[in-house]
Amino acid sequence: MRLRRPVLIATVTVTAAGSLLFVPPSATADRKPPVREGSAPANGAAGAPASAARNALTAPVTDLSASVGTGGYPREQVLTPDPENPADKSIKLGLTPYHGIAPKLNALQRLGDRVSVEVAGRSAGGHRLYLVTVTAPESADETRDQERMRELIENAPQVAAKDPAVKKTYKTPVFFNNNIHGNEWEGTDAALELIQRLATAHDAKTTDLLAHSRLYFNITANPDGRIAGTRANANGFDLNRDFITASQPEARAMRQIEIDKQPAVMLDLHGYVNGTLIEPTTPPHGENYEYDLFLKNTYANALGMEAAVNDLGYTPAKDGVEPAQIPFRDQQEGWDDWPPIFTPQYAAFHGTVAAHTVEIPLPVNNSAYDTLPVDELRRRSAINVDVAGAAMRATLDFAQSHRTSLIADQIEEFRRGATGAAQVPVSAATVPGVPGIGPEDVYTTDFPRAYVLPAGPAQRSATAAARLVDHLLANDVRVSRATRDFRLAGRSYAKGSYVVDLHQPKRGLANVMLADGRDISDKVSTMYDISGWSLGRLWGATVERVHSGSLSAVPLRAVGAAAHVGHVAPLGDLRLRLDTPQEIAALNSLLRQGVSVRRSADGSALVPSSARTKADALARAYDVVFDATRTTGGTLLHPTRVAAAVTAGELFALREMNFDVVPVSTAILNAGFDWSSADVLFVSSGLDHSALTASARTALDAFLGTHGLVGRGATGAALNAAAGLLAVRPVEGNGDANGVVRVVNSGGPVTAGAPDHSFVYAPVWFTDLGPGVRVEQSYATGDPLVAGHWRPLDDGTGGPTAAGGRASVVSGPDAVLFGTEPLFRDHPKGEFPQVGRALLTVS
């Protein structure tokens, strides 16, 4: 049984000197997380600029290993300063504004030969992402030796375990990730202070540390948010929810750091939880980790950080700072590491055996930023910098004193994956030194022998399969392709099928992405965030799990990229299926170019042979297939401009499908909106019919009298009811529910060819269907939840069995309503076309 912290309540405290001290409420073991990020932004509909979406969709990934052969360390460069920005929100807190970072890094590089700076990429808003390396100088040969050993550890772990050079000379990689939430600032400043100390200290301890370690600092992971004082980046994305999808360039940059630097230890600096929260977490624990190795090291480092933070001497009475807390030890549930969307949890799949979120204590963002005196904000920020620095320094002590065992455990993680070894369940015997381990902490999985993405007719979409393969490869998952037909586990597969062998170093990452996942509704009463995310079910490709069998006779060749599938039939008119986001994007491009495209009864697009040259270019750009067709007739399509009151993820997904989108909200409509610029309205967030002014309501109603509506969730259903379009009764399920669900598609114009699984977050279903309402999709009968967390409410309603068999997507001549989340955080790629088809159907 875990210990539980007492409930501590603090509001305003008077110091001994009698001055008023603002003290934030404390976090306790019984608290629920302060922010459970929902699908809707806090301030209404999303309105990110289209330029940020373009940047995110086109930003290249910087390969930080590419410069290994060019020399050793340091790798110094003079950074061009950014223009001074007096509006930077950091300034009020007495912290380093973004425009002050480049000059500081230039100065730090001039301090000696220990500090190097590389640009790891650019943010969605176009700002540079700085990766600083601190280590003892290395010759080019020494750097090549370090890279050789790093690759040996991952690619030949059994050899690395016996290599004396690895044990003696390999430098432990330690990674500090800062400011991923833009309005949680202080990790950046603590990192800059620590870098300066390391650059100038010449004591024996520092010299030894840098001789045996490489320390990597992502100075600010979210410069857009740092400047604007927002949690999200310029696209409105919470980057600490994006790792399994990597839709944003900042997430892709962090992913590449994990791959290229292979840290054994990492901290992700956040705020604000008082007392300072230091992971490891409560259950449920990710079932694909080598959790015994992870818990052993993460808990040990947490104890050291806890001691270092508490030893700073801050007290509740004097400073408003509570003692640090470790969720694994101090809480029962509510702060889990189940989904791979968070930075430390994702890092664990790349060999990081001690990974932490650290939540520094004193809030300075949101309402505190706007209401507290500047002096109080700066007092708090100074304490937060101090706390973050203590956590960092303690982590360096841990990495220094445990160097040999950390690398040995990283090697062991990769060895288990490469050899298909069994996971080791956590217990008092397998993880000695960690108190309170119980059955509630034991999560393991049954790794299959392989996954196959079959070629030929069995594959739902070659375009979707190629996209999924490229995504796996970008995450450093190994994929092979069959050079001829083969049989595996009693099934026949065609030449060209892709195979993901689960005997690979990063098997946990391969499995967490491709497996169905698990229904964990009975494990805990609440989850911090999403609980299901399967790429195998949600990305539109056919993925088959092979439980057992030998791959030795399978003719496989490793691939570095998916084979291109883009193709245009040489003769006749063309058909473009609309089953993937890329196909919707290609269609929208054709329409913008003035091509006369018609939509057939099966939902595909009919393209005249006269547009073959344009189709050729789009087949290459989007990797889509234009088949020959003799089908004639169909409905003429037009370019569609979407007025969208939606979440950030939905806005981004619409732009990914190449829709022309103009964001709207209650406020925008009340200020006066020109409806002549829109062809269809998509509503899921931030538009309340009852809150509109009389003139705005009249204009909206007039638009919906002649144009279509696509609605999602409770907000979309409410607008449908106010406009009197579809005669349905929406039923809201448990608002905490989320996950992957089984669905049944009717083959209508919206869901023809759609996957038989979908994603829900605060699910909705529709009953009492009136005349003219078509059921496009239903939740599967019984319990439709495959993976995730979905419980009934306390009164027994709102659970998954209540949704079973009910309509999840309904349509009529002028409206389509979704009870699912087909565009959630730009993730369920195979579901996107349902929204694209819906917009085209009713526009």
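Residues numbered from 1 in each chain as written. Predicted model: local features only at pLDDT ≥ 70, side-chain atom pairs only at ≥ 80, totals over all residues. Heavy atoms only, no water.

Engineer: What exactly am I supposed to notice about the overall build of the chain here?
Structural biologist: Broken down by element type, the chain carries 27 helices and 36 strands. If one aligns the C-alpha atoms of the chain with their principal axes, the spans along those axes are about 80 × 70 × 55 Å. In the chain, which comprises 843 residues, the proportion classed as buried is 61%. Sequence separation of 24 or more characterises 79% of the internal contacts of the chain that already satisfy a separation of 6 or more. (Helix = DSSP H or I, 4+ residues; strand = E, 2+ residues; numbered from the N terminus. Buried < 20%, exposed > 50% of the residue type's maximum accessible area, 1.4 Å probe, protein only. Contact = heavy atoms within 4.5 Å.)

Engineer: How do you make sense of the confidence of the model for the chain when you look at a structure like this?
Structural biologist: Low pLDDT marks regions whose predicted coordinates should not be analysed in detail. Residues at a pLDDT of 70 or more form 94% of the chain, whose mean pLDDT is 94. Confidence over residues 1-43 falls short of pLDDT 50; this stretch has 112 contacts with residues more than four positions distant or in other chains. (pLDDT = per-residue confidence, 0-100.)

Engineer: I'm lost on the pairing of strand 34 (residues 785-789) in this one. Help?
Structural biologist: Remark: a regular strand shows side chains that alternate across the two faces of the sheet. Burial within strand 34 is extensive, with five of its five residues counted as buried. In terms of strand pairing, strand 30 (residues 738-745) meets strand 34 through four bridges, oriented antiparallel. Looking at strand 34, one finds that valine 741 is bridged to leucine 785. (Pairing = 2+ DSSP bridges.)

Engineer: Would you take a moment to explain the sheet that holds strand 7 (residues 265-271) for this structure?
Structural biologist: The strands making up a sheet associate through hydrogen bonds between their backbones, and the pairing can be parallel or antiparallel. With respect to topology, seven strands assemble into an open sheet ordered 3-4-6-5-7-11-8, the strand pairing being mixed. Across the chains shown, the open sheet's two edge strands, defined by having one partner strand only, are strand 3 (115-122) and strand 8 (277-278). Both strand 3 and strand 4 (residues 128-134) contribute to a ladder of seven bridges, which runs antiparallel. Residue valine 115 lies in a different strand from strand 4, and its bridge partner there is valine 134. The sheet contacts of helix 7 (residues 204-211) involve strand 4 and strand 6 (213-218), and relative to strand 6 the element is tilted by about 85 degrees. (Axes fitted to C-alpha atoms, helices over the stretch in contact; angles between N-to-C directions.)

Engineer: So what exactly am I meant to see when it comes to the environment of glutamine 331 here?
Structural biologist: Residue placement: glutamine 331 occurs in the loop between helix 12 (327-330) and strand 10 (336-337). On the accessibility criterion, glutamine 331 (1% relative accessible area) is buried. The spatial distance from the C-alpha of glutamine 331 to the C-alpha of proline 283 is 9.4 Å, given a sequence separation of 48 residues. Reaching out from glutamine 331, the side chain makes a polar contact with the side chain of glutamine 325 at a distance of 3.0 Å. (Polar contact = N/O pair within 3.5 Å; in protein donor to acceptor, adjacent residues only side chain to side chain.)

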